[in-house]
Amino acid sequence: MPEAVETFDGWYCLHDFRKVDWNAWKLASQEERDQALNEFNELMQGWEEIESNREGSVGFYQMIGQKADLLIMNLRPTMDELTDLETAFNKTKLAEFLIPAYSFVSVVELSAYMAKGKDPDTDPEFQARLKPVLPKWEHICFYPMDRKKDAVNNWFMEEKDERGRLMYEHGMTGRKYAGKVRQIITGSIGFDDWEWGVTLYAHEMIQFKKLIYEMRFDEVSARFADFGEFFIGHRKTKEDLNQIMAL
Amino acid sequence: MPEAVETFDGWYCLHDFRKVDWNAWKLASQEERDQALNEFNELMQGWEEIESNREGSVGFYQMIGQKADLLIMNLRPTMDELTDLETAFNKTKLAEFLIPAYSFVSVVELSAYMAKGKDPDTDPEFQARLKPVLPKWEHICFYPMDRKKDAVNNWFMEEKDERGRLMYEHGMTGRKYAGKVRQIITGSIGFDDWEWGVTLYAHEMIQFKKLIYEMRFDEVSARFADFGEFFIGHRKTKEDLNQIMAL
Amino acid sequence: MPEAVETFDGWYCLHDFRKVDWNAWKLASQEERDQALNEFNELMQGWEEIESNREGSVGFYQMIGQKADLLIMNLRPTMDELTDLETAFNKTKLAEFLIPAYSFVSVVELSAYMAKGKDPDTDPEFQARLKPVLPKWEHICFYPMDRKKDAVNNWFMEEKDERGRLMYEHGMTGRKYAGKVRQIITGSIGFDDWEWGVTLYAHEMIQFKKLIYEMRFDEVSARFADFGEFFIGHRKTKEDLNQIMAL
Amino acid sequence: MPEAVETFDGWYCLHDFRKVDWNAWKLASQEERDQALNEFNELMQGWEEIESNREGSVGFYQMIGQKADLLIMNLRPTMDELTDLETAFNKTKLAEFLIPAYSFVSVVELSAYMAKGKDPDTDPEFQARLKPVLPKWEHICFYPMDRKKDAVNNWFMEEKDERGRLMYEHGMTGRKYAGKVRQIITGSIGFDDWEWGVTLYAHEMIQFKKLIYEMRFDEVSARFADFGEFFIGHRKTKEDLNQIMAL
Amino acid sequence: MPEAVETFDGWYCLHDFRKVDWNAWKLASQEERDQALNEFNELMQGWEEIESNREGSVGFYQMIGQKADLLIMNLRPTMDELTDLETAFNKTKLAEFLIPAYSFVSVVELSAYMAKGKDPDTDPEFQARLKPVLPKWEHICFYPMDRKKDAVNNWFMEEKDERGRLMYEHGMTGRKYAGKVRQIITGSIGFDDWEWGVTLYAHEMIQFKKLIYEMRFDEVSARFADFGEFFIGHRKTKEDLNQIMAL
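Here the structure is a predicted model, which is why all the values come from computation and not from measurement.

What follows is about the relation of the copies chain C and chain B. Expressed as a screw transformation, the operator carrying chain C onto chain B has a rotation angle of 72° and an axial translation of 0.0 Å, and the superposed copies differ by an RMSD of 0.0 Å. In short, the pair behaves as if placed about a five-fold rotation axis. Closest approach to the rotation axis among the C-alpha atoms of chain C is made by C:Ala151, whose C-alpha sits 7.3 Å away.

Here you go:
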């Protein structure tokens, strides 16, 4: 019987993608628009303080294409905090002009493969990866994925060692991109419609394509990967929003 | 010929997921909002009395992510009661501000596997499981599922004993989570688009992921499970709604 | 070469599922609401007269779950009559408050298997099944279905005799539910997106689940059945609508 | 290597399905409604003149079911003319009350199989089939389709002669329906999401079902056909629209 | 282990498909409409200057069918420029009357197969293909595609040489259409939901169908191609928009 690999779970994570309702935004008064932007600014400031206190992390991004215009990503020690945070955001003035586009609920996940020879509960580096500060790199790429369970290629029927071998090889491809691409894997089995979420950061947009293209030839991807939608964008500060929304 | 296993059916069940229409809610007057909340409060109170009288059960939850904001779950001895209840809710003031997001129609189901050596019609424990009081645990997870019917893995072509063996093994994984996760299985063959609904309760959110992840390696899941959407959230009292909706 | 089995086609059938737009209904004046209900009452009365004259049949149902609130089902000798009927209904006041949810266009179909030893064109019982009066039983279940055409299980590549054997066995399961469930099969090849529609009636809701669950183990279902959406509800009279819609 | 069969392409074709927005139509003034109907009448008259001049063809149909209420079908020597025609229609008053439901862009296609022993460029009958006058028969059926490309049944991997044999056999089934069903095949590879569109005409609605049911057992359909949505309806004159839309 | 082929990436590309909201357009004042058209005219003029300066390229197209009415396609050296450009367009007056229909985010991609014997970084022809001026040909066809990864046909499990052989053969089919069809391949792995986008140009619309039909029999397409939606249309100048939108 294939055996589950132990996973270690860190902070909970909410990816919240929104589209701007430009028509409604234009119909709003200058006062309403100012209020919306100021309020968001304060909200972001609070989230950044939480990040400074190592009680969570926050990222804000402008996305390209019609699928989404903005992404707000938050990490917190509990799911309850994320639910409250989402509700609070939905009550803001800015949210009146944003249309929900996609969301993803997950938790930072590291597998036992990565903890070799370390005590996961105390090792500082391992702990830092479980409770990460989101990278301040220029570009972001997000996609959810599953492992296949079809009659021929069924990840959950492969032996643990074979899965380990395939993941190790996959990791080797990733390692070539050290310094170019950083990744955060979040697990969503039981939480959302896909099994994992992959959030990548890069200084150069083209590195996302190069990495994912090369990885697609890894046996573990070629045989077992099912991908959801891909979203890409650029990191922005709370101040940048004023310009993005300026009419 | 594979033979159907006898099932025992208890109370009918309606999962009713809704999204809040925040823009409409903000446009409403304070008076309208108060009316909406008070009316819901009374409705919930009536449902709770029904639960106290063991004539049904009710759960109210706040969900995370864009798929749904609220879940109202009701169990009743007849489907007609649920239909009336749904219609009554749709007529409330609060429903004017809620957008249908997903619903699931099913009936509490226990299989003959679980009734070994008991008389299902009189055994008190078995009867209590058929007509359950929804657990008052902190967190909820719901997903619908099917058994595969493809050319290689076809649940409905497997012999009864083999199906029993696979389910027994699956139950063993579940048993490891006793005290951590409680589950209510509802059958929806002929009632809704999926064959079963799984409603889980936990004190710790992470236990949903741990259980479902581990179960994914059970042969019965790896070979035969097709999953629908996953929804997670937190149990709330009727009083909590005031705060959730407070502007 | 597998050969098509002769089918006998009776009355044309339109299943018309609608959701109530409760917000619009509440905004309407009492006068408008009365007009809507009275007009529907007259329309139904006309349809019931047609049924009395054996020139068609009509059923009206309240559905459960978010997929649909009401189902209007009509049978007529020609498709043109159904098209006119649908257009007439769309022009009514009530239709202003109903949102199309799903529809199914088909024709009552009996296969040659069922006509053994009878002259289908004159046998009264066979004719009555081709031009049925919809049962006045308490509950309804509707779902569309296809026969699989994949590389391994391809219904349309099976020999006629083998198909007959499988259907006979399937019929035996159905026969166990005589008096509990009645079914009307309508064919929709060339008319709608699925090949057949199954409309079931029962006195007890649970019988739908028991029948369909048991049938799922029949070889013909296990190997060849693809199911669409399932809709269930309760038969209502035209007078019941007043209460369903009462605010 | 399987080789493509030469195809001959005739007039370009736009199937334009619309739903009536009855609520908006009722809110319009009698004057607006008259304007909408008169303008459509003139547009249709122009299209009919084009048909008389053999510079195109036009068909107007009332559809049954919730998928569409009307179908406007036009053929023209160039795609540009169809694009202009679609834009012109979108600017009409009537279009304000019609909701786009589905469209299909294609070109009348005959295969070399059908040109045996004829010079396709000069043969009058072949030319007439490439530039057809749409039949004035009572009923219409439209559906798009693909040829399968799966691991076992891959149309585009079959040898040309085998494809020819299968198509010939398929044609034999069709020939049985001479005088009962007429078909126009339009190719949409590179133009729309499906490879072909099938437009059928009949005097009796039931013949669509009989033909397509019987064809489903042809090897070429059983093994290689993937079907899209089915739409059926009735031919109407421009004058009929007044009655269809009358309140 | 199959090995990834090196790819060369040129300008980033945004395909932005929109539908016209004719009802809103008609409700606008003549002044608003003039403003919308003038502003778009200036925007296009700026984009054309960028093209003249070889700092990007732009194409504007009128599409046929209900899927989209307009396509704006821009190429730029960086993704950031495209994001800014999209945001700027969303703020224009014209955008108030356009409904997002589909978008595709990618980058011009050439594979090492095409660079045989050239230095990709300096060869002028190769560089011109990486940073192309969009052809001013009359017609456009766009579709996204994937390479299959199923149990039998898995592109990412094929050896590099075999993939090269299949692509070479595929290129031979394309070469027959030299002068008739021009293509721009853009890669979207990691950027959008499909792996590649294919943008074709032709003087005659029928050539799209002939090319894609013939290619469908190429082994690489027959065994490994999965296609998304197809969009076709006609190149228009910025002045043409006035006529397209004229009421």
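Now that the structure has been shown, the text picks up again.
All names here are of chain E. The N-to-C vectors of helix α5 (residues 160-175) and helix α6 (residues 206-215) enclose an angle of 155°; their axes lie 10 Å apart at closest approach. One element, α5, and the other, α6, form an angle in the roughly antiparallel class. You can see that α5 and α6 cross each other, and the crossing is right-handed. Residue-level inspection shows His170, Thr173 and Gly174 of α5 in contact with α6, the latter providing Leu211, Glu214 and Met215.

Side chains of A:Glu55, A:Asp80, A:Glu81, A:Asp84 and B:Glu138 sit close together on the surface and give a patch of like negative charge. Looking at where A:Asp84 falls in the secondary structure, it is placed in helix α3 (residues 79-91).

For the rest of this paragraph, the subject is the UniProt feature "active site" (unreviewed entry) in chain A. Residue and element names in this part refer to chain A. Per the UniProt annotation, the sites labelled "active site" (unreviewed entry) are Tyr143. Take Tyr143: it is sitting in strand β5 (residues 139-147). Residue Tyr143 is classed as buried on the basis of its relative accessible area, which comes to 6%. With near-sequence residues (within four places) excluded, Tyr143 lies in contact with Trp196, Gly197, Val198, Leu200, Ile212, Phe227, Glu229 and Phe230.

Contact with chain B, which involves 41 residues of that partner, is made by 45 residues of chain A. Of the roughly 3600 Å² buried at the junction of chain B and chain A (both faces included), carbon and sulfur atoms supply 57%. Ranking the residues of chain B by area buried against chain A places B:Gln66, B:Lys209 and B:Phe217 at the top, with a combined share of 23%. Along the contact surface separating chain B from chain A lie 26 residue pairs in polar contact (both at pLDDT 80 or more). Of all elements in the fold, only α1 (22-27), β2 (57-63), β5 (139-147), α6 (206-215), α7 (219-224), β8 (225-227), β9 (231-235) and α8 (240-245) of chain B reach the threshold of two or more residues within the side of chain B that touches chain A.

A separate point is unusual backbone geometry. Residues and elements named next belong to chain D. The phi angle at Arg54 is positive, at roughly 55°, despite the residue not being glycine. Position of Arg54 among the secondary structure elements: in the loop between α2 (30-52) and β2 (57-63). Accessibility expressed as a relative area gives 39% for Arg54, which makes it partly exposed.

The subject of this paragraph is helix α2 (residues 30-52) of chain A. All names here are of chain A. With 23 residues, α2 should reach 33 Å at 1.5 Å per residue; the first-to-last C-alpha distance of 33 Å fits that figure. The set of residues buried in α2 consists of Arg33, Ala36, Leu37, Phe40, Asn41, Met44, Trp47 and Glu51. Phi turns positive, to about 60°, at Arg54, one or two residues after α2.

Definitions and cut-offs
Residues numbered from 1 in each chain as written. Chains lettered and ligands numbered in written order. Predicted model: local features only at pLDDT ≥ 70, side-chain atom pairs only at ≥ 80, totals over all residues. Heavy atoms only, no water. Least-squares fit on C-alpha atoms with pLDDT ≥ 70 in both. Axes fitted to C-alpha atoms, helices over the stretch in contact; angles between N-to-C directions. Helix = DSSP H or I, 4+ residues; strand = E, 2+ residues; numbered from the N terminus. Parallel < 35°, antiparallel > 145°, perpendicular 65-115°, else oblique. Left-handed = near helix turned anticlockwise from the far one by under 90°. Contact = heavy atoms within 4.5 Å. Patch = residues over 30% accessible without salt bridge, like charges linked within 9 Å, V, L, I, M, F, W, Y side chains within 5 Å. Areas by Shrake-Rupley, 256 points an atom, 1.4 Å probe, with all protein chains shown as cover. Salt bridge = Lys/Arg side-chain N within 4 Å of Asp/Glu carboxyl O. Lys, Arg positive; Asp, Glu negative; His and termini not counted. Charge placed at Lys NZ, Arg CZ, Asp CG, Glu CD. UniProt positions renumbered as here; feature names shortened; annotations may be inferred. Buried < 20%, exposed > 50% of the residue type's maximum accessible area, 1.4 Å probe, protein only. Buried area = accessible area lost by both parts, 1.4 Å probe. Polar contact = N/O pair within 3.5 Å; in protein donor to acceptor, adjacent residues only side chain to side chain. Expected span 1.5 Å × (residues − 1).

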